[in-house]
Amino acid sequence: MDRIGVLTSGGDAPGMNAAIRAVTRAAIAKGYEVVGFLRGYNGLLNNKYMSLSARDVSDIIHRGGTILYTARCLEFKEWDNVVKGKENCDDLFLKGLVVIGGDGSFRGALDLTKAGLPCIGIPGTIDNDIGCTDYTIGYDTAMNTAMEMVDKIRDTAQSHDRCSVIEVMGNKAGWIALNVGTAVGAMAIVTMEAEYNIDEIVGKIKATQATGKQHFIIVVSEGVAAKIDGGSDYIAKQITQKTGIESRATVLGHVQRGGNPTLRDRLVATEMGYYAVDLLDKGIGQRVVGQKDGKVCDFGIVDALQMTKPFDMNLYRIADEISL
Ligand code: ADP
């Protein structure tokens, strides 16, 4: 019987399990057996896999993390290992492979397709930093987690008349910072995509302080913090020095990667998982599944890897204009 393989690769994201479930059940519904490789491309290279039945993916749609585990596998960047991986897939009678991960994982999928195995990529990353899709699995959950954390920090910032500088994830992209910053009503949102100036932020703090505002939230993306010596702590210190307001930095960190996926992440994961299997079933490979204007669609992997997504400067301007 033909089989379809699935793996999760790169950084984990809530909703990956929902995608594994959808891939597994869609494949079984279409008459395939399913093989889940463990720890990304490592499982493919070292023959570490599990067969997945419809029951094996019960009770995972609501869980964060990934039952297949995820990892980076640097050896997979070498062509000989890609060929070895393809041979292992042939031994398992694989018709195709679904790779859930980010850009790096799609490069591995492209190589495998070139070696002769049809592969489909599904965007799974909290960072929403994949050019071909408006949305990536895990993004909504991560933003909601960050928003809840900032709400809690706000309570204590308010009690103590403090300024809280909060660093959120997003890799080099400012999507989480922009949306979370807007949703918590931050005084300033600091991302790589929009130029920022500490004196402008200080000016805004002082101007609003003069109208009675006593506590402040600044949301900083990890991409910006990584480029500053001292990171978000340094930004907080600058604000204290220049305003006299006690400022503290909080790095939210890995809390943003975990937790039960939101409805949106489960829905998108389910739709994309089904769609990916449908492509393989039709004999189509070398594609990445995406979402554009709310609709699931697909692109060639080569094109997908070259696509860029413009930052939402309109939302940035709105948030900036009303933070007064
Ligand atoms: P992400 O998929 O989240 O972007 P990485 O960039 O770490 O994460 O990539 C995940 C894995 O994908 C790598 O550890 C490697 O196994 C595989 N990979 C990345 N780049 C390539 C490449 N150029 N060729 C083959 N495989 C790659």
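Residues numbered from 1 in each chain as written. Predicted model: local features only at pLDDT ≥ 70, side-chain atom pairs only at ≥ 80, totals over all residues. Heavy atoms only, no water.

Student: Is there a simple way to think about the packing of helix H6 (residues 175–183) against helix H12 (residues 313–321) in this case?
Tutor: For the pair H6 and H12, interaxial distance at closest approach is 10 Å and the crossing angle is 35°. Crossing handedness for the pair H6 and H12: left-handed. Contacts between H6 and H12 involve Leu 178, Asn 179 and Thr 182 on the former and, on the latter, Leu 315, Tyr 316 and Ala 319. (Axes fitted to C-alpha atoms, helices over the stretch in contact; angles between N-to-C directions. Helix = DSSP H or I, 4+ residues; strand = E, 2+ residues; numbered from the N terminus. Left-handed = near helix turned anticlockwise from the far one by under 90°. Contact = heavy atoms within 4.5 Å.)

Student: Honestly, the sheet that holds strand S6 (residues 163–168) in this entry has me stumped. Any pointers?
Tutor: The four strands lie next to each other as S7-S8-S6-S9, forming an open sheet whose pairing is parallel. Because the sheet does not close on itself, it has two edges, and the strands there are strand S7 (188–190) and strand S9 (247–251). Neighbour to neighbour, the strand axes of the sheet diverge by 20° on average, direction disregarded. Two strands pair when backbone bridges link them, and S6 and S9 are joined in this way by five bridges, in the parallel orientation. Counterpart to Ile 166 in the pairing with S9 is Thr 250. (Pairing = 2+ DSSP bridges.)

Student: It is not clear to me how the pairing of strand S10 (residues 287–292) should be interpreted in this structure. Could you clarify?
Tutor: Taken residue by residue, a regular strand's side chains alternate between the two faces of the sheet. Both strand S5 (residues 119–123) and S10 contribute to a ladder of two bridges, which runs parallel. Bridge pairing in S10 places Ile 120 opposite Arg 287. The pairing of S10 with strand S11 (residues 295–300) spans six bridges and is antiparallel. Its bridge partner being in S11, Arg 287 is matched across the sheet by Gly 300. The loop that links S10 with its antiparallel partner S11 comprises two residues; one of these, Asp 293, has a positive phi angle of about 50°.

Student: Would you mind going over the packing of aromatic side chains with me for this structure?
Tutor: Centre-to-centre distance and the angle between the planes together describe a pair of aromatic rings. Taken as a whole and judged by the stated rule, the model has four aromatic pairs. Here the aromatic rings of Tyr 41 and Phe 76 are separated by 4.2 Å at their centres, their planes lie at 5°, and the arrangement is stacked. Pair noted here: Tyr 41 is in helix H2 (residues 41–45) and Phe 76 is in the loop between strand S3 (49–52) and helix H3 (79–91), with a separation of 35 residues, a long-range link. Taken individually, Tyr 41 and Phe 76 each receive the classification buried, so the pair is uniform in this respect. Over the face of the ring belonging to Tyr 69 we find Arg 39, whose NZ or CZ atom lies 4.2 Å from the ring centre. (Phe/Tyr/Trp six-rings, centres within 6.5 Å; stacked < 30°, edge-to-face > 60°. Buried < 20%, exposed > 50% of the residue type's maximum accessible area, 1.4 Å probe, protein only. Lys NZ or Arg CZ within 6 Å of the ring centre and 35° of its normal.)

Student: Got a minute to help me understand the site of the ligand in this structure?
Tutor: Inspection of the region around the ligand gives 15 residues, with Arg 72, Cys 73, Gly 102, Gly 104 and Ser 105 positioned closest. Asp 111 places a polar side-chain atom, nitrogen or oxygen, 3.1 Å from a nitrogen atom of the ligand. Here the ligand loses 81% of its free accessible area of 550 Å² to cover by the protein chains. Per-element accounting of the shell around the ligand gives the leading share, six residues, to helix H4 (residues 103–114). Across the shell around the ligand, the residue classes tally to three nonpolar, seven polar and five charged. (Near = heavy atom within 4 Å. Polar contact = N/O pair within 3.5 Å; in protein donor to acceptor, adjacent residues only side chain to side chain. Areas by Shrake-Rupley, 256 points an atom, 1.4 Å probe, with all protein chains shown as cover. Nonpolar A, V, L, I, M, F, W, Y, C, P; charged D, E, K, R; others polar.)

Student: Where do I start with the domain arrangement of the protein in this structure?
Tutor: Many analyses report the size of an interface as the accessible area lost when the parts associate. As far as domains go, the protein holds domain 1 (3–138 + 261–306) and domain 2 (140–257). Inter-centroid distance (C-alpha atoms) of domain 1 to domain 2 is 35 Å. At the interface, 14 residues of domain 1 touch twelve residues of domain 2. Summing both partners gives a buried area of about 1,100 Å² for domain 1 against domain 2, and 50% of it is carried by carbon and sulfur. Our enumeration of links across domain 1 and domain 2 arrives at one salt bridge. Here Asp 12 ties to Arg 257 by a salt bridge, and the two come within 2.9 Å at their closest N and O atoms. Put simply, domain 1 and domain 2 have ten residue pairs in polar contact (both at pLDDT 80 or more) between them. Grouping the amino acids of the side of domain 1 that touches domain 2 by side-chain chemistry returns five nonpolar, four polar and five charged. (Domains from an automatic or database assignment. Buried area = accessible area lost by both parts, 1.4 Å probe. Salt bridge = Lys/Arg side-chain N within 4 Å of Asp/Glu carboxyl O.)

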